[in-house]
Amino acid sequence: SAVISQKPSRDICQRGTSLTIQCQVDSQVTMMFWYRQQPGQSLTLIATANQGSEATYESGFVIDKFPISRPNLTFSTLTVSNMSPEDSSIYLCSVGQAQETQYFGPGTRLLVL
Amino acid sequence: AQSVTQLGSHVSVSEGALVLLRCNYSSSVPPYLFWYVQYPNQGLQLLLKYTSAATLVKGINGFEAEFKKSETSFHLTKPSAHMSDAAEYFCAVSDNAGNNRKLIWGLGTSLAVNP
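Residues numbered from 1 in each chain as written. Chains lettered and ligands numbered in written order. Predicted model: local features only at pLDDT ≥ 70, side-chain atom pairs only at ≥ 80, totals over all residues. Heavy atoms only, no water.

A. The state of the cysteines, seen in detail. Following the criterion strictly, the structure yields two disulfides over all chains and no others. Note that Cys23(A) is cross-linked by a disulfide to Cys93(A), the S-S spacing being 1.9 Å. With the S-S bond torsion at -65°, the cross-link from Cys23(A) to Cys93(A) turns out left-handed. With Cys23(A) in strand E3 (residues 19-25) and Cys93(A) in strand E9 (residues 89-96), this pair connects stretches of sequence that are 70 residues apart. Of the two residues, Cys23(A) and Cys93(A), both sit in the buried class. Across the disulfide from Cys23(B) sits Cys91(B); the S-S distance is 1.9 Å. (Disulfide = S-S within 2.5 Å. Helix = DSSP H or I, 4+ residues; strand = E, 2+ residues; numbered from the N terminus. Buried < 20%, exposed > 50% of the residue type's maximum accessible area, 1.4 Å probe, protein only.)

B. Structural view of the packing of aromatic side chains. For the coordinates displayed, the defined rule picks out 12 aromatic pairs over all chains. With 5.6 Å between their ring centres and 45° between their planes, Tyr35(A) and Phe104(A) make a pair best called tilted. Of this pair, Tyr35(A) sits in strand E4 (residues 31-37) while Phe104(A) sits in strand E10 (residues 102-104), and the two are 69 residues apart along the sequence. Among the residues examined, Phe104(A) registers a relative accessible area of 9% and is labelled buried. Ring centres of Phe63(B) and Tyr89(B) lie 5.5 Å apart, and the angle between their planes is 45°; on these two criteria the pair is classed as tilted. (Phe/Tyr/Trp six-rings, centres within 6.5 Å; stacked < 30°, edge-to-face > 60°.)

C. Structural detail: the interface of chain A and chain B. In this complex, chain A contributes 18 residues to the contact, which on the side of chain B involves 17 residues. Across the interface of chain A and chain B, roughly 1,500 Å² is buried in total on both sides, 48% from carbon and sulfur atoms. Inspection of the region where chain A meets chain B yields zero salt bridges. Our enumeration of links across chain A and chain B arrives at four residue pairs in polar contact (both at pLDDT 80 or more). Listing elements by their share of the side of chain A that touches chain B, those giving two or more residues are E4 and E10 of chain A. Class assignment of the residues belonging to the side of chain A that touches chain B gives a composition of six nonpolar, eight polar and four charged. (Contact = heavy atoms within 4.5 Å. Buried area = accessible area lost by both parts, 1.4 Å probe. Salt bridge = Lys/Arg side-chain N within 4 Å of Asp/Glu carboxyl O. Polar contact = N/O pair within 3.5 Å; in protein donor to acceptor, adjacent residues only side chain to side chain. Nonpolar A, V, L, I, M, F, W, Y, C, P; charged D, E, K, R; others polar.)

D. Focus on the pattern of salt bridges. Taken as a whole and assessed by the stated rule, the structure comprises three salt bridges over all chains. One salt bridge in this structure joins Lys65(A) and Asp87(A), with 2.7 Å as the shortest N-O distance. Highlighted residues: Lys65(A) in the loop between strand E6 (56-57) and strand E7 (68-72) and Asp87(A) in the loop between strand E8 (75-80) and E9, separated in sequence by 22 residues. Across the pair Lys78(B) and Asp85(B) runs a salt bridge whose closest N-O atoms are separated by 2.8 Å. Taken as a pair, Lys78(B) and Asp85(B) share a single burial class, namely buried.

E. Representation of the sheet that holds E3(A) within the structure. Residues and elements named next belong to chain A. Taken in spatial order, the four strands make up an open sheet running E1-E3-E8-E7, and their pairing is antiparallel. The open sheet has two edge strands with one neighbour each: strand E1 (4-7) and E7. Averaged over all pairs of adjacent strands, the angle between strand axes in this sheet comes to 15°, irrespective of strand direction. (Pairing = 2+ DSSP bridges. Axes fitted to C-alpha atoms, helices over the stretch in contact; angles between N-to-C directions.)

F. Seen up close, the pairing of strand E5 (residues 31-38) of chain B. Residues and elements named next belong to chain B. Across the eight residues that make up E5, a large majority, eight, are buried. With burial as the criterion, each face of E5 is covered, one bearing Pro31, Leu33, Trp35 and Val37 and the other bearing Tyr32, Phe34, Tyr36 and Gln38. Pairing between E5 and strand E6 (residues 44-50): six bridges, direction antiparallel. Across the sheet, tryptophan 35 pairs through a bridge with leucine 48, a residue of E6. Taking the residues between adjacent antiparallel strands as the criterion, E5 and E6 are bridged by five residues, where asparagine 41 takes a positive phi near 60°.

G. How the structure looks around the side chain of Thr108(A). All names here are of chain A. For threonine 108, the location among the structural elements is in strand E11 (residues 108-112). Residue threonine 108 is classed as buried on the basis of its relative accessible area, which comes to 0%. Only 3.2 Å separates the side chain of threonine 108 from the side chain of glutamine 6, close enough to count as a polar contact. Apart from the residues lying within four places of it in its own chain, the contact partners of threonine 108 are Gln6, Lys7, Pro8, Ser9, Ile21, Ser89, Ile90 and Tyr91.

Okay, here's the thing in structure tokens:
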């Protein structure tokens, strides 16, 4: 298993601003994933972050809105850009092999006013 | 396309009673199936998974689930609920074909345990 931490744990932001969420893993992992968990909805995969290459985004998510960095095998950031109230959600970082057994961070709870 | 249906967004049981959380899936190939639990203000934690071995899978905290291909189901059970079981439970499916396997998630079931 892996121990994953996220910063910040929660934040309240004004619309039009950007927030960068950090994800730190206690061991080196190949694949890291970013999810969004909106109230009353299922988890939605935003993108897969691979070290040394650009992130792979899922349908409906674009790099300009959710830029991702993966500078090494233990760290990744997700930025939520030009935020609107619709971006209010829980953002989760996870690690795992080919999206099978996943280990999740505690999440970042974002409220956009 | 794969999909996961969790019947009942909210389930309430009494402490000591049987817990049954339902999950049905659709998949064109034999799937991998997962149950995750999310306690309040925490991330998701794997409860158990089915990967084409034994159809009855035992997980942590006394939970188990049975894969029934004929019913395309993977229901989660626990014989006796404990107050600490109150949480959100998610069922997920991943097909085991190809290199781009993804997890498809159900909407979740919120379990309340009453004293």
